[in-house]
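Spelled out from the first residue to the last, the chains are:
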Amino acid sequence: MPIPVDFLRVLLGLLCVFFAHFLGRSIVRMRRGQRARSLYGWLVRMAITAGAILWRHGLDGVAIGAFTLAAASLVLGAWDEQRPKKQEDLTKEIFGG
C-alpha cells in the first residue's frame, strides 16, 4: 500500500515549521554572541525540507501553508528566545526557612 505523496509533503511541511522555530532561536543566540554553529545546521535543514516541498508540485496550497506556518514559527522562536526567562527560587523549599 503506497503512501500518498501529499501526506509526505505535509509531513515535510511540519518538519520545516519545526526547523524554522529552532532557526529563529539560533538567530537570536548568534546575535547575542553565543555559538553560531547550530544556526547553519537549522538553516540547511529548513532549506532542504522547503525545497523538497516544492520539488514536484511547485508553489501550491500545501507549500504556501507550510511556508506561512514556517515564517510564523521562525518569528515565534525568535520572540521566545528574546524574552527573559523566569527562574523559580527554590531555596526555601530545599533548605527550609
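Everything in this summary refers to the structure shown in the same document. (Residues numbered from 1 in each chain as written. Predicted model: local features only at pLDDT ≥ 70, side-chain atom pairs only at ≥ 80, totals over all residues. Heavy atoms only, no water.)

**A word on the overall build of the protein**
Okay, step 1: Per the secondary structure count, the protein includes 4 helices and 0 strands.
Okay, step 2: Each helix and strand of the protein, placed in order from N terminus to C terminus, yields the pattern α-α-α-α.
Okay, step 3: In terms of overall size, the protein is more extended than a compact globule, its C-alpha atoms giving a radius of gyration of 18 Å where 97 residues would be expected to give roughly 13 Å.
Okay, step 4: Overall size of the protein, expressed as C-alpha extent along the three principal axes, is 65 × 35 × 20 Å.
Okay, step 5: Scored against the burial criterion, the 97 residues of the protein give a buried share of 29%.
Okay, step 6: Intrachain contacts of the protein at a sequence separation of at least 6 include 72% that bridge at least 24 residues.
Okay, step 7: Treating the 13 positive side-chain charges of the protein as one cloud and the 7 negative ones as another, the clouds have centres 8 Å apart. (Helix = DSSP H or I, 4+ residues; strand = E, 2+ residues; numbered from the N terminus. Rg over C-alpha atoms; globule rule 2.2 N^0.38 Å. Buried < 20%, exposed > 50% of the residue type's maximum accessible area, 1.4 Å probe, protein only. Contact = heavy atoms within 4.5 Å. Lys, Arg positive; Asp, Glu negative; His and termini not counted. Charge placed at Lys NZ, Arg CZ, Asp CG, Glu CD.)

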